[in-house]
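Commentary on secondary and tertiary structure
What follows is the residue order along each chain.
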Amino acid sequence: KVFVYGGNLQLQPKHLALNMNTRRLSVLRATDGLCEDSFGTDMLLELYRGVPDHVVPNPAPALVGVALRFSGEEGVDEDKFLCCICETGISCSSFLAAFSELCQVPVVEDRPVA
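Every value quoted in this text rests on a predicted model; they were computed, and no experiment measured them. (Residues numbered from 1 in each chain as written. Predicted model: local features only at pLDDT ≥ 70, side-chain atom pairs only at ≥ 80, totals over all residues. Heavy atoms only, no water.)

Digging into the confidence of the model for the protein
The predicted model of the protein averages 91 in pLDDT, with 93% of residues at 70 or higher. For the protein, per-element mean pLDDT is lowest for strand β8 (residues 107–109), which scores 91, and highest for strand β3 (residues 24–29), which scores 97. (pLDDT = per-residue confidence, 0-100. Helix = DSSP H or I, 4+ residues; strand = E, 2+ residues; numbered from the N terminus.)

Some details on the nonpolar core
Residues Leu68, Leu82 and Phe95 are the most contacted members of the largest nonpolar core, which totals 19 residues. For this core, the elements supplying multiple residues, two or more each, are β1 (2–5), β3, β5 (44–49), β6 (65–70), β7 (80–85) and α1 (89–103). The element contributing the most residues to this core is α1, with 5 residues. Once residues within four sequence positions are removed from consideration, Leu68 is found in contact with Leu25, Leu44, Glu46, Leu47, Lys80, Phe81, Leu82, Cys84, Phe95 and Phe99. Counting residues in each nonpolar core, the second largest holds 9 residues, with Val51, Val56, Cys83 and Ile85 among its members. (Core = buried A, V, L, I, M, F, W, Y, C linked by side-chain atoms within 4.5 Å. Buried < 20%, exposed > 50% of the residue type's maximum accessible area, 1.4 Å probe, protein only. Contact = heavy atoms within 4.5 Å.)

Considering the pattern of salt bridges
All chains considered together, the criterion is met by 6 salt bridges. With a shortest N-O distance of 3.9 Å, Glu87 and Lys1 are connected by a salt bridge. A residue pair is termed long-range when its members are at least 10 positions apart, and Glu87 in the loop between β7 and α1 and Lys1 in the segment before β1 qualify at 86 residues. Owing to a relative accessible area of 51%, Glu87 belongs among the exposed residues under this scheme. (Salt bridge = Lys/Arg side-chain N within 4 Å of Asp/Glu carboxyl O.)

As structure tokens, this is what we get:
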């Protein structure tokens with residue numbers, strides 16, 4: 001379980017599901033597991049340890065924050081971010097290591113881990 005920044009930058013409990021067959025990352029409601037959104041992993045550019053300040057003002061500590069940066073459609077959208085807060089620093093490190101390996105994307109250390 002992670003906490004995902006919603007439309008009003010409110011944290012909401014969610015589950016993330018990575019389907020390697022369809023190469024989709026789904027954001028699932030924590031209450032009933034229904035899919036609310038999904039992203040193609042082929043559009044995933046990089047992972048950030050810590051949520052960048054320009055994406056979420058006054059983000060949570062980098063120890064537990066993660067941002068996934070997806071490219072927008074060429075000429076139409078700017079890059080999109082899925083920003084999450086993990087429950088612990090250990091779960092954050094595991095999240096980054098697993099997604100980096102499975103999706104073959106780098107981890108960017110955006111802010112010092114305090």
